[in-house]
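# Structural overview
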Amino acid sequence: MTASDFCRPGASRHALILVFAALLVASTPLVGPRLALAQGASAPRNVAARKSGDEPLYTLNFRDADIAQIADAVSMATHKTFIVDPRVRAQVTMISSTPVDAATFYETFQSILQVHQFIAVPGAGGTMKIIPDANQRFYPGSHDLQDHVSSSSDEVVTQVIPVKNVSAVQLVTVLRPLVPTTGQINAYSPTNMVIISDHASNVSRVMKIIERLDQVGDADVEVMPMQNASAIEIVRSLTSLYQGGQAQQDPGIQPLKLVADERSNSILISGEPAARMRAKALISSLDTPQQGGGDTQVRYLHYADSDKLAPKLKEQLTGIAAAAAGSGGAGGGTTPAAQDSKNAQIWSDPTNNALVITAPPKVRRQINDIIDQLDIRRAEVLVEAIIVDVNMTKSAELGVNWATWQENNGQVIPGATFLTPVGGATLVDLANAISSSGTNINSALETGATLAVGRVAQNGLSFAAMLRALRSDTDSNIVATPSAMTMDHQEATIKVVEEVPFVTGQYTSGSTVTNGQVSPFQTIQQIEVGTILKITPQINERDEVVLKIDIESSSVIATPSGASGITTSKRSVTTNVLIENGGIIVLGGLISNEYDRSKSQVPFLGSIPLLGELFKDHSASQTKSNLMIFLRPQILSNGTQTAIETNSKYNFIREQQRQVSASDRGSLPLLPGVKPPALPAVPPPPPPGSTPEAPITQEQRDRAAREAQRETDAEARRNDAGSAAPAAGAPSSAPSAAPSAPK
């Protein structure tokens, strides 16, 4: 490299001064920068020494030189273009007697920038920007995210370091003091990586430290047998204790895991040594003999019936003992598990709705697990039914009766007659009514229209004729809305009926004689007539209700002619249906339209046109029946929903009472001072969340069972604490084993 290389067009005045000063290779200090070409012993003073690769070497000597001038010299040596920030100002002194090449010259320049808290970052078009060190995080480096980071370079680089065995968050806490304030180091927890931006030499050092620290932790598995307590119960308690902390734990830390082995009643512990040590200390504190109660426990039930549950649990114990005896092998000996189940006892106390369980701890735990699953709140179902029965009946009769006879000196000589009943009455009934002066009248004559003509002579021919016409229309519209509330899997029955007496037998034989008189008697049975609703709901996990339904609607109707006793009309439906919560479904119905027409006539004579009508009787009837039954179930899973539905029905009947009372105010007071009864105002429903939810899905049932187990464990701990307190104060007195009543 010669002076002509530096004296190219466009060079600044300061650069020319710098070049000429460097060519002098002065032996005395100069005030200002010096750039001296390293010279060999035989080389001329104005010629730069060369390497074998024809690369120039530079001897660097700067005393109180402006950093911008040094940047100019580096630019000419390395052919790099620098853009200097106006805030970059410093006086630099650097003395070196060893020649260096252009690359080393550039690295030395980067060290100078680091000392004065400046950096060189790449810019557009291959330029380099010299800016203050505080802004390094906002600019990319030329060697970011490389596989290898130089340990001797002062260039600013950014590196992402994966961490495999420890927590990146904890590593950042340890390494942050090793990174200057101008550098940046952070952790990315989802992938457990460390992100660092700093000078390459420091980044290389941090990477080596992370490599040493990122080692597999000591997470061996320890087995801890239980002597007194249940391994399952202790694991359940400790899991509940550590549940919140485990969820917030860093992913790099080996979590503490506890597993219970029921067969050996042991606990398997894995995790970091410190965590295992703490868990073992807690387990040792819990694995202590029970202070009071022994193998007997009183379990209060909240929702189940102790009288019904106790026999089922005894059957379960019998099955456990049989299964344990069967697994004992061909020797036929009784296993300890079978003996424990066989010796266990369960009896019910209906007064307190409690179970008294006497069994070894393992069998008692099994029984308590079953009780936790069964003793849960059951949802209620409100079933509203609508029974609509609409009937229309029309009938009409038209006919003629006539008779002829002859009387001769008091003797009646019969002639011809046509006496078919029309509407239940004949010409004979009319004659009897006339002859008895109205005292003997057939009730059928009181309905319809009757027109009669005739001639009655003491001697000679007599005749009589009667024309009767009858039309009847009967319409009935019955709407019944029974409703019933019951629990899940519990049958409910609601009856709105009247008991109607039916004669089922009578006795008039003369064999029963008292003082010469026969004592006849009748047997009567009371039959329920009205609306009867029987339902059994079953709720599944999809918020649907399977209903087993038996609906009956009956009523007393008019007795048909020719029948005796009381006649009833009955409609019933027995079926199983699946309905969504709050949906409406039609169970079924009956729609019928019946038309009957009849004609009675005298053969041959009734077929004569016009004249044949005197020998005919006509009747016609039409009956239409429409019956529909609708159902709407609603699941009530907590006390608030139940109270809302109850208040709705309560306010409805209260409003009906108010309307009846209001209608009596304007009438004449027959009982002054007497007020009709009225329902009081309904109390407000409980606030939402104050009553427990009835579990419906399997997940909700498991959660309810876990909550019940926690309550049982808490009650047992309170009982143990209450038993241990008097024992500590008075060693001679026996500890109390009486459990506290449930809240």
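None of the values given here were measured: they were computed from a predicted structure.

This next bit is on the overall build of the protein chain. When helices and strands are counted, the protein chain shows 14 helices and 28 strands. For the protein chain, the residues scored as buried account for 33% of the 743 residues in total. In the protein chain, 66% of the contacts between residues at least 6 apart in sequence involve partners at least 24 apart. Of the roughly 43,800 Å² that the protein chain leaves accessible, carbon and sulfur atoms contribute 55%.

With that out of the way, let us pick up the sheet that holds strand S3 (residues 82-84). Ordered by their spatial adjacency, three strands build an open sheet running S3-S6-S5, and the pairing between neighbours is mixed. Of all the strands in the sheet, the pair left with one neighbour each is S3 and strand S5 (118-122). This sheet shows a mean twist of 30° between the axes of neighbouring strands, independent of strand direction. Note that S5 and strand S6 (residues 128-132) share five bridges and pair antiparallel. Of the residues in S6, the one forming a bridge with Phe 118 is Pro 132. Against the sheet, helix H4 (residues 102-115) contacts S3, S5 and S6, and its axis sits at roughly 130° relative to S5.

Helix length check: H4, at 14 residues, gives a terminal C-alpha distance of 20 Å against a target of 20 Å (1.5 Å per residue), a fit within 8%. Where H4 is buried, its residues meet strand S2 (58-66), helix H3 (67-78), S3, strand S4 (91-95), S5 and S6. Looking one or two places after H4, you find Gln 117, whose phi comes out positive at around 60°.

This part is about the side chain of Ser 266. Structurally, Ser 266 can be placed in strand S12 (residues 266-270). A residue is classified by how much of its surface remains accessible, and Ser 266, at 6% relative accessible area, is buried. A distance of 3.2 Å separates the side chain of Ser 266 from the side chain of Ser 264, its partner in a polar contact.

Before going further, it helps to examine the packing of aromatic side chains. According to the stated counting rule, one finds one aromatic pair in the structure shown. Geometrically, the ring pair formed by Trp 402 and Phe 615 is edge-to-face, given 5.3 Å between the ring centres and 85° between the ring planes. One end of the pair, Trp 402, is in strand S16 (residues 380-408); the other, Phe 615, is in the loop between strand S27 (585-601) and strand S28 (616-636), and 213 residues separate them in sequence. The exposure classification of Trp 402 matches that of Phe 615, with both residues buried.

Another aspect to go through is the sheet that holds strand S10 (residues 221-225). Pairing in this open sheet of three strands is antiparallel, and the strands run S10-S12-S11 from one edge to the other. The sheet is open, and its two borders are formed by S10 and strand S11 (257-261), each paired with just one other strand. The sheet shows a mean angle of 20° between the axes of neighbouring strands, taken without regard to direction. Most of the contacts of helix H8 (residues 273-286) go to S12, to which it runs at about 160°, and overall it touches S10, S11 and S12.

Here we come to the pattern of salt bridges. A side chain of one charge can pair with a side chain of the opposite charge if their charged atoms are brought near each other. Inspection of every chain in the model, using the stated rule, returns ten salt bridges. Two residues, Lys 280 and Glu 222, come together in a salt bridge whose shortest N-O distance is 2.9 Å. Here Glu 222 lies in strand S10 and Lys 280 lies in helix H8, a separation of 58 residues in the sequence. The partner of Asp 369 in a salt bridge is Arg 236, with the nearest N and O atoms 4.0 Å apart. Here Asp 369, found in helix H11 (residues 361-374), pairs with Arg 236, found in helix H7 (residues 231-247); they are 133 residues apart in sequence, far enough to count as distant. On the basis of relative accessible area, Asp 369 is assigned to the partly exposed category, the value being 34%. On the basis of relative accessible area, Arg 236 is assigned to the partly exposed category, the value being 25%.

Within the secondary structure, Ser 476 sits in strand S19 (residues 460-480). Under the relative-accessibility criterion, Ser 476 is labelled partly exposed at 25%. Apart from the residues within four sequence positions on either side, Ser 476 is in contact with Asp 389, Val 390 and Asn 391.

Moving on: the confidence of the model for the protein chain. The predicted model of the protein chain averages 74 in pLDDT, with 77% of residues at 70 or higher. Low pLDDT (under 50) marks residues 1-52, which in the prediction has 77 contacts with non-local residues, meaning those over four places away or in another chain. Of the regions scoring below 50 in pLDDT, residues 724-743 engages in 17 contacts with residues more than four places distant in sequence or in other chains.

Attention now moves to unusual backbone geometry. Of note in this structure, His 79 is not a glycine but carries a positive phi near 60°. Looking at where His 79 falls in the secondary structure, it is placed in the loop between H3 and S3. Even without being glycine, Asn 353 reaches a positive phi, approximately 50°. Within the secondary structure layout, Asn 353 lies in the loop between strand S14 (345-349) and strand S15 (354-358).

Each value, and the rule that gives it
- Residues numbered from 1 in each chain as written.
- Predicted model: local features only at pLDDT ≥ 70, side-chain atom pairs only at ≥ 80, totals over all residues.
- Heavy atoms only, no water.
- Helix = DSSP H or I, 4+ residues; strand = E, 2+ residues; numbered from the N terminus.
- Buried < 20%, exposed > 50% of the residue type's maximum accessible area, 1.4 Å probe, protein only.
- Contact = heavy atoms within 4.5 Å.
- Areas by Shrake-Rupley, 256 points an atom, 1.4 Å probe, with all protein chains shown as cover.
- Pairing = 2+ DSSP bridges.
- Axes fitted to C-alpha atoms, helices over the stretch in contact; angles between N-to-C directions.
- Expected span 1.5 Å × (residues − 1).
- Polar contact = N/O pair within 3.5 Å; in protein donor to acceptor, adjacent residues only side chain to side chain.
- Phe/Tyr/Trp six-rings, centres within 6.5 Å; stacked < 30°, edge-to-face > 60°.
- Salt bridge = Lys/Arg side-chain N within 4 Å of Asp/Glu carboxyl O.
- pLDDT = per-residue confidence, 0-100.

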